[in-house]
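Geometric and topological summary
As a plain string of letters, each chain reads:
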Amino acid sequence: MVKVIDIIRQITQIIMAVREIVRMGHPTLRKVAEPYPIQQIGSDSFLELVEDMRETLHCAGGIGLAAPQIDVPFQIAVVEITDPITRYGEIQTLPFEVYINPTITVENAASAGYWEGCLSVPGMMGFVERPQHIRVDYLDSSAEKKSMQLKGFLATVFQHEFDHLLGKLYVDRISDMSLFSFDLEYQLYHLNSASSQS
Ligand code: ZN
């Protein structure tokens, strides 16, 4: 006889498909992702992938996730910032959105640095300088062409996520390795320092 608890567990597994996040060292994180086939947008497999990315992002407590991070080598990323209070300080919120085959255009090369973390590099933080005014062109989950301007920390978030689609990790962009730190040491020694504000 099947117990109710087993049925609930099975239903939960069907509804929630949290994928494993691969970590630095996994070869998929170092490959340039393939453009996602436009005719596949909206298909069952596409919708399942997006739902899995949403669940995985929520489960991990992140603000962004790229498909290569769940070992899917396509140019798809999701970003969602529901709570303005994050481990990166107080930031602008952004509703859940899917970014397919995105490109970045630097509108202004003036750079600023932020401490970045990554679900594929757990337990670490690093200080990275990036341009702070970019334009992002992408297809949304309805295959509509979209474009948006991003400034400040959000410009950093999107450059970090889309780097994953190019086989890059934020650790590649740390210019001062003394500013690559475990989470705890980041909180103890860097969180309120001048470098985290610039
Ligand atoms: Zn990342």
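Above this text you will find the structure in question.
Residues numbered from 1 in each chain as written. Predicted model: local features only at pLDDT ≥ 70, side-chain atom pairs only at ≥ 80, totals over all residues. Heavy atoms only, no water.

Overview of the side chain of His160
The test is simple: Only runs of H or I of at least four residues qualify as helices and only runs of E of at least two qualify as strands under DSSP, and these elements are numbered from the N terminus. Throughout, exposure labels follow a simple rule: accessible area from a 1.4 Å probe, protein chains only, divided by the maximum for the residue type, with under 20% read as buried, over 50% as exposed, and the rest as partly exposed. Definition of a polar contact: a pair of N or O atoms within 3.5 Å, with one able to donate and the other able to accept a hydrogen when the atoms are protein atoms, and with sequence-neighbouring residues admitted only if both atoms are side-chain atoms. Contacts were defined at the residue level, with two residues in contact if any of their heavy atoms lie within 4.5 Å.
Relative to the helices and strands, His160 is located in helix α3 (residues 153–164). Accessibility expressed as a relative area gives 7% for His160, which makes it buried. For His160, the side chain forms a polar contact with the side chain of His164, separated by 3.5 Å. Leaving out residues up to four positions away in the same chain, His160 has contacts with Glu116, Gly117, Cys118, Arg130 and Tyr170.

Thoughts on the environment of Ser147
As for its placement among the helices and strands, Ser147 is situated in strand β7 (residues 145–151). Along the primary structure Ser147 and Arg130 are separated by 17 residues, whereas in three dimensions their C-alpha atoms are 20 Å apart. Not counting residues within four places of it along the chain, the set of residues in contact with Ser147 comprises Arg135, Val136, Asp137 and Tyr138. Only 3.0 Å separates the side chain of Ser147 from the side chain of Asp137, close enough to count as a polar contact.

Describing the coordination of the zinc ion
Using the following cut-off: Sites may look incomplete, because water is not among the atoms used; the donor set itself consists of N, O and S atoms within 2.8 Å of the metal (3.2 Å for Na, K and Ca).
Around the zinc ion, the donor atoms from the protein are Cys118 (SG), His160 (NE2) and His164 (NE2), and they sit 2.1 to 2.3 Å away. For the zinc ion, the donor residues sit on a single chain with the sequence spacing C-x41-H-x3-H. With His160 and His164 both in helix α3, this residue pair falls four residues apart, about one helical turn. Overall, the relative accessible area of 1% leaves His164 in the buried class.

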